[in-house]
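Residues per chain are reported as follows:
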Amino acid sequence: MARTIAHVDLNACFASLEQQSNPRLRGRPTAVVRKAQRVSVISAPSYEAKRRGVRTGMTTPEAKRRCPELRVLLEDPTKYLAASERFFELLHDLTGAVETFSIDEGFADLAHPLRRLGDPVWAAERIKREIRHRLGEWMTVSIGVGPSKVVAKLAGQQRKPDGLVRIQEDEVPNWLETLAVDEACGIAERTKDRLAAMGIRTLADLGRADVMRLRQAFGINGYFLHLIGQGKDPVPFQAGGAPPRQGFGHGRVLPWPWPDFAGARDWLQVLCHMVARRMRAHGNAARVVHLGVESADGWGSSKQRCLPVATDDEQVVVEACRRIAEGLERQGRLPQEIQYIGVSVSKLYDRTRQPLPLFPQGRARHRLIDAMDTVNDRFGDLSVYFGGLHEGQRKMTVHAANRGMYRDLQPA
Amino acid sequence: MDVWTPDRDDPLSLAAWFVPAKPLEQRLPWLKVHWRDEWRRLQVTFHHQADRGDRRIHCISAYDGSTYYRLEFDPESLVWKLIGVDDGAE
């Protein structure tokens, strides 16, 4: 059955919600940060800030250098979650079939038989009006309409903010000729370079490429890339709730750039502890560990490592990160001075179904971790922790308390 | 960050109009507030709920044309609090 899929994306969601709440911010460069500290990371700039060169992931000093009049606000997660719930409720009421993509993006089936929305462009205009009515007059969305999720998302990206672009099924092949490969979601710099080395520069090139050659270069992802190049969905549209959790992660902007990775190990230990604890709280163990590091001038590097068995032990995650960092250093990809560290885990499994450790020491450690979680659940995080975490935990506490005064944390 | 918090002993009187039949975001369209010897009519710009421990409170953003107000309302104790103001003061 022919589908008409809309990709609906709240424009600069977090920053726009702050501007909706506080009209004094409207039309002014605004950005939301996660932590109120001297050096933080921009999590969401407004369109006014984006036009001045402010980007997600930029440190606040860099953002202020590019845009001195930038208004920086602490994030308000309860507000954003409430807005997200209203957004998806509205989409569901109007269309009847919605697939959640993220907190501020979703796909809707405009051809759902129960809703009889009629012309897709008219339906999309109605979605825009309802969003202004329910979320606020400052809130805009960009909508792309097409025969698949891939085409709808690509179409929506063409005009931001407050755009509406429709691509008909017979227009898709010629339209894909005009789009570079990295315009597709999931194709970033490194994949783009590898495809360019194979002579593939546009999405149409990707769709015409030999699928066996792509599979040899990219594994199973090569097949998915081939589908994307033809404007087809690797994963079909599926109406329902939010997709299952993919992973857990934590990152931290360090108070000073650290000259080497070994020196930043205390911070790494705390981040791995936070990731492992959250993972265990959700009943998960993970097989893939991902480490990302960044310097103060935004030069970053990341790599992941697949473990032989799934783990929920923070020490295993720390060790995996250490090996990833060694690998990056050997390749000359580790930044000279580290300002940001991010740790995440993915490829999740049910931790209760993992085989117990083979040896008594492993089983004792497993029981000890469970006991420590019980104590921390009752008396608060970090009521009890492994000794290796002590220095990192102290630094985090001093850093949070002192904010502007970091003399005692400065590397020797 | 330019939103400042008023003192605890900076009193506030408030009148609110609720439209019960509407969805949450339209239930409280505007407020009348007496603060610092002045009556002010505030339009509600965003209204949502948040958990504070085991209580569910209402978080209300409002604007009087020049000043932004951030208020919280506890429906159990019926206490309103003015927790943030942005009037352009540095």
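Residues numbered from 1 in each chain as written. Chains lettered and ligands numbered in written order. Predicted model: local features only at pLDDT ≥ 70, side-chain atom pairs only at ≥ 80, totals over all residues. Heavy atoms only, no water.

**Side note on the overall build of chain B**
What counts here: Counting from the N terminus, the helices are the DSSP runs of H or I reaching at least four residues and the strands are the DSSP runs of E reaching at least two. Computation of the radius of gyration draws on C-alpha atoms, with the globule rule given as 2.2 Å multiplied by the number of residues to the power 0.38.
Secondary structure assignment for chain B yields 1 helix and 6 strands. Along chain B, helices and strands appear, N-terminal first, in the series β-α-β-β-β-β-β. Taking 90 residues into account, the globule formula puts the C-alpha radius of gyration at 12 Å, and chain B, at 13 Å, falls close to it. Across its three principal axes, chain B shows a C-alpha extent of roughly 35 × 30 × 25 Å.

**Remarks on the sheet that holds strand 4 (residues 71-74) of chain A**
Residue and element names in this part refer to chain A. Condition: Note: two strands are recorded as paired if DSSP finds a minimum of 2 bridges between them. Helix axes use the C-alpha atoms of the stretch in contact, all axes being lines fitted to C-alpha atoms, and the angles between their N-to-C directions lie in the range 0 to 180 degrees. By definition in these notes, contact holds between two residues if any of their heavy atoms fall within 4.5 Å.
The strand order across the open sheet built from 3 strands is 3-2-4, with neighbouring strands paired in mixed fashion. Either end of the sheet is taken by a strand with one partner, and the two such strands are strand 3 (42-45) and strand 4. Neighbour-to-neighbour, the strand axes of the sheet open up by a mean angle of 30°, direction not taken into account. Lying over the sheet, helix 1 (residues 13-21) contacts strand 2 (30-33), strand 3 and strand 4, oriented at roughly 115° with respect to strand 2.

**Digging into helix 14 (residues 360-379) of chain A**
Residue and element names in this part refer to chain A. Convention followed: An expected span of 1.5 Å times one less than the residue number is assigned to each helix. Using a 1.4 Å probe on the protein chains alone, a residue whose accessible area is under 20% of its type maximum counts as buried, one over 50% counts as exposed, and one in between counts as partly exposed. The arc in question is the one traced by the directions running from the helix axis out to the C-beta atoms.
Over its 20 residues, helix 14 extends 28 Å from the first C-alpha to the last, a length consistent with the 28 Å expected when each residue adds 1.5 Å. By the burial criterion, the buried members of helix 14 are Ile 369, Met 372, Asp 373 and Asn 376. Projected down its long axis, helix 14 carries its buried residues within an arc of 105°, all on one side. Opposite the packed face of helix 14, turned more than 90 degrees from it, sit the exposed residues Pro 360, Arg 367, Thr 374, Arg 378 and Phe 379. The first or second residue beyond helix 14 is Gly 380, which carries a positive phi of 110°.

**Overview of the interface of chain B and chain A**
To be explicit about the condition: Throughout, the accessible surface (probe 1.4 Å) given up by two parts as they are put together, summed over both, is called the buried area. Salt bridges are identified by distance alone: a Lys or Arg side-chain nitrogen within 4 Å of an Asp or Glu carboxyl oxygen. Polar contact is defined as a pair of N or O atoms within 3.5 Å, subject to the rule that within protein one atom must be able to donate a hydrogen and the other to accept it, and that residues adjacent in sequence are counted only when both atoms are side-chain atoms. Gly falls in the polar group here, along with every residue not listed as nonpolar (Ala, Val, Leu, Ile, Met, Phe, Trp, Tyr, Cys, Pro) or charged (Asp, Glu, Lys, Arg).
With 20 residues of chain B in contact, the opposing surface of chain A contributes 22 residues. Together, the buried faces of chain B and chain A total about 1,700 Å²; carbon and sulfur atoms form 51% of this surface. Applying the counting criterion to the chain B and chain A interface returns 3 salt bridges. Residues Asp 86 of chain B and Arg 71 of chain A are paired through a salt bridge, measuring 3.0 Å at the closest nitrogen-oxygen approach. On inspection of chain B and its partner chain A, the count reaches 11 residue pairs in polar contact (both at pLDDT 80 or more). Breaking the side of chain B that touches chain A down by element, the ones donating at least two residues are helix 1 (24-27), strand 3 (39-52), strand 4 (55-63) and strand 5 (68-74) of chain B. Broken down by element, the side of chain B that touches chain A gets its largest block of residues, 6 residues, from strand 3 of chain B. Here the residues of the side of chain B that touches chain A are counted per class, giving 7 nonpolar, 8 polar and 5 charged.

**Thoughts on the pairing of strand 4 of chain B**
Residues and elements named next belong to chain B. Most of strand 4 sits inside the fold, with 7 of its 9 residues counted as buried. Where strand 3 meets strand 4, 9 bridges bridge the pair, whose relative direction is antiparallel. Bridge pairing links Gln 43 to Tyr 63 in strand 4. Taking the residues between adjacent antiparallel strands as the criterion, strand 3 and strand 4 are bridged by 2 residues, where Gly 53 takes a positive phi near 65°. The antiparallel pairing of strand 4 with strand 5 creates a hairpin that spans 4 residues between the two strands, and Gly 65 there sits at a positive phi of about 105°.

**A few points about the packing of aromatic side chains**
Stated formally: Aromatic rings from Phe, Tyr and Trp, taking only the six-membered ring of Trp, are treated as a pair when their centres fall within 6.5 Å; an angle between ring planes under 30 degrees marks them as stacked, one over 60 as edge-to-face, and anything in between as tilted. Here, a charge over a ring means that NZ of Lys or CZ of Arg falls within 6 Å of the ring centre while also lying within 35 degrees of the ring normal.
Taken as a whole, this structure holds 7 aromatic pairs over all chains when the rule is applied. On the numbers, 5.6 Å between centres and 80° between planes, the contact of Phe 101 of chain A with Phe 107 of chain A is edge-to-face. In this structure Phe 107 of chain A comes out as buried when scored by relative accessible area, which is 3%. Plain terms: the ring middles of Phe 73 of chain B and Trp 80 of chain B are 4.7 Å apart, the flat faces sit at 25° to each other, and that makes the pair stacked. Phe 73 of chain B gets classed as buried once you look at its relative accessible area, which sits at 11%. For Arg 86 of chain A, the ring lying beneath its charged end belongs to Phe 46 of chain B, and the centroid distance is 4.8 Å. Between Arg 41 of chain B and the ring centre of Trp 30 of chain B, over which it is positioned, the NZ or CZ distance is 3.6 Å.

**As for the packing of helix 4 (residues 77-95) of chain A against helix 5 (residues 120-135) of chain A**
All names here are of chain A. This is how it is decided: By the definition used in this description, the sense in which the near helix is turned from the far one sets the handedness, with an anticlockwise turn below a right angle giving left-handed and a clockwise turn giving right-handed.
For the pair helix 4 and helix 5, the least separation of the axes is 10 Å and the interaxial angle reads 140°. Helix 5 is crossed by helix 4, and the crossing has right-handed handedness. Contact residues: Ala 83, Arg 86, Phe 87, Glu 89, Leu 90, Leu 91, Asp 93, Leu 94 and Thr 95 in helix 4; Arg 126, Ile 127, Glu 130, Ile 131, Arg 134 and Leu 135 in helix 5. Considering only residue class, the contact of helix 4 with helix 5 consists of 8 nonpolar, 1 polar and 6 charged.

**Observations concerning the side chain of His 7 of chain A**
Residues and elements named next belong to chain A. Locating His 7 in the fold gives a position in strand 1 (residues 5-10). Accessibility expressed as a relative area gives 3% for His 7, which makes it buried. In terms of polar contacts, His 7 uses its side chain to reach the side chain of Glu 105, at 2.7 Å.

**Section: the confidence of the model for chain B**
Residue and element names in this part refer to chain B. The criterion, for reference: The quantity called pLDDT is the predictor's confidence in a given residue, expressed from 0 to 100.
Per-residue confidence for chain B gives a mean pLDDT of 85, with 92% of residues at or over 70. When pLDDT is averaged over each helix and strand of chain B, the minimum, 80, is found for helix 1 and the maximum, 93, for strand 5. For this predicted complex, the interface confidence score (ipTM) comes to 0.91, while the overall pTM stands at 0.73.

**Observations regarding unusual backbone geometry**
The step from Lys 160 of chain A to Pro 161 of chain A runs through a cis peptide bond, and the omega angle for that step is -5°. Relative to the elements of secondary structure, Pro 161 of chain A occurs in the loop between helix 6 (149-157) and strand 8 (164-166). Positive phi values are uncommon outside glycine, yet Lys 347 of chain A reaches one of about 55°. If you check the backbone angles, Leu 78 of chain B has positive phi at about 60° while not being a glycine.

**Quick look at a nonpolar patch on the surface**
What counts is decided by this rule: Distance thresholds for patches are 9 Å for like charges and 5 Å for nonpolar side chains (Val, Leu, Ile, Met, Phe, Trp, Tyr), applied to residues having over 30% relative accessible area and no salt bridge. Note on areas: Shrake-Rupley, 1.4 Å probe, and residue coverage restricted to the protein chains presented here.
Taken together, the side chains of Ile 220, Tyr 223 and Phe 224 of chain A define a hydrophobic patch exposed on the protein surface, amounting to about 260 Å² of accessible area. For Phe 224 of chain A, a relative accessible area of 31% gives the class partly exposed.

**Side note on the sheet that holds strand 8 of chain A**
All names here are of chain A. As summarised here, the arrangement of the 5 strands in space is 5-6-1-7-8, forming an open sheet in which the pairing is mixed. The open sheet has two edge strands with one neighbour each: strand 5 (98-102) and strand 8. Each adjacent strand pair in this sheet contributes to an overall mean axis angle of 15°, direction not counted. As judged from the 3 bridges shared by strand 7 (residues 141-146) and strand 8, these two strands associate in the parallel manner.

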